[in-house]
Amino acid sequence: MLPAIPFNKPYLSGGEIQYIEEAVRSGKISGDGTFTKRCHQFFEQQLGVHKALLTTSCTDALEMAALLLDVQPGDEVIVPSYTFVSTPNAFVLRGAKIVFVDSTSENPNLDVASLEGLVTSRTRAIVPVHYAGIACDMDAIRGVADRHGLAVVEDAAQAVDSFYKGRPLGSLGELAAFSFHETKNIIAGEGGMLVINDARYAERAEIIREKGTNRSSFFRGEVDKYGWVDVGSSFLPSDIIAAFLWAQVEHLAEIQGRRKEIWQRYREAFLPLLKLGIGLPVIPDYATNNGHMFYLVCRSLDERTALIAYLRERQILPVFHYLSLHKSPFYQEKHDGRALPWADHYTDCLVRLPLYYELHPELQQRVIEAVGAFYH
Ligand SMILES: *Cc1c(COP(=O)(O)O)cnc(C)c1O
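What you see is a predicted model, and the numbers here were worked out from it, not measured in a lab. (Residues numbered from 1 in each chain as written. Predicted model: local features only at pLDDT ≥ 70, side-chain atom pairs only at ≥ 80, totals over all residues. Heavy atoms only, no water.)

**A closer look at the sheet that holds strand β5 (residues 151–155)**
One open sheet holds the seven strands; their spatial order is β1-β9-β8-β5-β4-β2-β3, and the pairing between them is mixed. Two strands in the sheet have a free side with no partner beyond their single neighbour: β1 (51–55) and β3 (97–101). On average, each strand axis in the sheet is tilted by 25° relative to the strand beside it, whichever way the strands run. One ladder, built from five bridges, connects strand β2 (residues 76–80) with β3; its direction is parallel. Looking across to β3, one finds that isoleucine 78 is bridged to valine 99. Contacting β1, β5, β8 (175–179) and β9 (192–196), helix α3 (residues 58–68) runs over the sheet at an angle of about 165° to β8. (Pairing = 2+ DSSP bridges. Helix = DSSP H or I, 4+ residues; strand = E, 2+ residues; numbered from the N terminus. Axes fitted to C-alpha atoms, helices over the stretch in contact; angles between N-to-C directions. Contact = heavy atoms within 4.5 Å.)

**Describing the packing of helix α2 (residues 34–47) against helix α8 (residues 239–249)**
Running from N to C, α2 and α8 point in directions that differ by 45°, and their axes come no closer than 7 Å. Judged by the angle between their axes, α2 and α8 are oblique. Relative to α8, the crossing made by α2 is left-handed. For the pair α2 and α8, contact is made by Thr34, Phe35, Thr36, Arg38, Cys39, Phe42 and Phe43 and by Asp239, Ala242, Ala243, Leu245, Trp246 and Val249, respectively. Residues of the contact of α2 with α8, tallied by class, amount to nine nonpolar, two polar and two charged. (Parallel < 35°, antiparallel > 145°, perpendicular 65-115°, else oblique. Left-handed = near helix turned anticlockwise from the far one by under 90°. Nonpolar A, V, L, I, M, F, W, Y, C, P; charged D, E, K, R; others polar.)

**Some thoughts on the pattern of salt bridges**
The final tally for this structure, using the stated rule, is 23 salt bridges. With a closest N to O distance of 2.8 Å, glutamate 116 and arginine 147 form a salt bridge. Note that glutamate 116 is positioned in the loop between β3 and β4 (123–126) and arginine 147 in helix α5 (residues 138–148), a separation of 31 residues in sequence. Exposure remark for arginine 147: the relative accessible area of 57% places this residue in the exposed category. (Salt bridge = Lys/Arg side-chain N within 4 Å of Asp/Glu carboxyl O. Buried < 20%, exposed > 50% of the residue type's maximum accessible area, 1.4 Å probe, protein only.)

**A closer look at the site of the ligand**
Surrounding the ligand, one finds 15 residues, the nearest of these being Thr59, Asp155, Gln158, Ser179 and Lys184. At 2.5 Å, a side-chain N or O of threonine 59 approaches an oxygen atom of the ligand. Take tyrosine 322: an N or O atom from its side chain is 3.3 Å from an oxygen atom of the ligand. In the complex, the protein chains occlude 93% of the 390 Å² of accessible area that the ligand would expose alone. Its residues assigned to classes, the shell around the ligand shows five nonpolar, eight polar and two charged. (Near = heavy atom within 4 Å. Polar contact = N/O pair within 3.5 Å; in protein donor to acceptor, adjacent residues only side chain to side chain. Areas by Shrake-Rupley, 256 points an atom, 1.4 Å probe, with all protein chains shown as cover.)

**Examining the packing of aromatic side chains**
Taken as a whole and assessed by the stated rule, the structure comprises 22 aromatic pairs. Aromatic pair tryptophan 263 and phenylalanine 294: ring centres 5.4 Å apart, planes at 70°, arrangement edge-to-face. Separated by 31 residues along the polypeptide, tryptophan 263 in helix α9 (residues 252–270) and phenylalanine 294 in the loop between α9 and β10 (295–297) bring together distant segments of the chain. When sorted by exposure, tryptophan 263 lands in the same class as phenylalanine 294, which is buried. Positioned above the aromatic ring of tyrosine 310 is the side chain of arginine 314, whose terminal nitrogen or guanidinium carbon lies 3.6 Å from the ring centre. (Phe/Tyr/Trp six-rings, centres within 6.5 Å; stacked < 30°, edge-to-face > 60°. Lys NZ or Arg CZ within 6 Å of the ring centre and 35° of its normal.)

**Let's talk about the packing of α9 against helix α12 (residues 361–374)**
Axis angle and axis distance: for two packed helices, these are the angle between their axes and the distance between the axes, and together they describe the pair. Relative to each other, α9 and α12 sit at 30°, their axes nearing to 11 Å. The angle between α9 and α12 places the two elements in the roughly parallel class. In this structure, α9 meets α12 at a crossing whose hand is right-handed. Counted together, Ile262, Arg265, Tyr266, Ala269 and Phe270 of α9 and Pro361, Gln364, Val367, Ile368 and Val371 of α12 form the full contact between these two elements. Looking at the contact of α9 with α12, its residues break down into eight nonpolar, one polar and one charged.

**Some words on empty space enclosed by the protein**
Inspection of the entire model under this criterion finds two cavities of 30 Å³ or more. Estimates place the volume of the largest cavity at around 70 Å³. As for the largest cavity, its lining consists of 13 residues, and the residues nearest its centre are Lys9, Tyr11, Lys184, Asn185 and Arg259. Partitioned by chemical class, the residues of the lining of the largest cavity number six nonpolar, three polar and four charged. Two domains each donate at least three residues to the lining of the largest cavity, and these are domain 1 (16–249) and domain 2 (253–374). Reported here for the second largest cavity is a volume of approximately 50 Å³. Lining the second largest cavity, in full, are Phe7, Asn8, Thr183, Arg259, His292, Met293, Arg352, Leu353 and Leu355. Taken together, the residues of the lining of the second largest cavity break down into four nonpolar, three polar and two charged. (1 Å grid on protein atoms, 1.4 Å probe; cavity = no way out; pocket = protein on both sides within 12 Å on 5 of 7 lines; lining within 4 Å. Points joined across faces, edges and corners; volume = space filled by probe spheres on them. Domains from an automatic or database assignment.)

Printed below as a string of structure tokens:
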């Protein structure tokens, strides 16, 4: 039998074990050690941002963002319905009401044209998700946010090394959250990062991340004792996690190069499917592709179910994801009842194909031929 082609396979650059050993031998394996600092510096420079702080997940980074914005019960936050639960959940934990926005017909990113109509006097923030690492229209989002005095928090979980009009994603909102979960481009098993572009939030971000204490300024010698100064939690990862991540960061360019090659090969192979009405990822002029994800948009749920079954019989394991959150068991009763047809469309029809560093051309060819045979 042919070897199975999984949906994802975590890539190891080779330096992970060595750096973890260095971290362990250094005798300082709690948070904010040498490797954490290296990662912070790298991302602050790469993104050109005020501050980057590693967290234990993107979920945590989003929860920190909700705390930093001081979101209160009854405040409203605009979030796409077609996203991972953590995007709205971080704000729901603070008592916020989620106002779901639909996706566009072009791709699953949020529909900027409908934003203005969703803003009320209680709206505090807009949380765009750069789906598949492809930028949302940030100038349009910024326009709405500025007209109404709202914060923008980018869910950049999938958006490492991707750009909007030449500016790095994660550098465009007041705050941004990245993920280093093993399914993302660069990984730490579980891991994330909060990016602070608006310097007003920087000091409090360090405090919230350190259990509500001013421990970070104490270690920099800015205060002579540290104590409990605010609310907070434990959002910082061990330096062992950062050591793993550093081995990935060092190979970012190579990882990205390979992922984009695979993405491009899929794109070229599947262009003929467009004529059948099958959707492929659309990258607007203002956006770039970071090789995070390749997907097809089938014409119906039945077709997608059949395609996935057909590929599985051939030991190829694609996945679908995101069930419209406005229809989720947890939120459907709280949703205001608006239909969000594009979110539902992607829920039913989008399928993600295997894409990982070690998906060698002969393996990828099996995927390409199997999809081609299904649509023959
Ligand atoms: C992966 C992902 C998250 C969650 O990331 P974790 O690091 O697992 O918490 C949040 N939002 C989006 C859009 C994601 O893809």
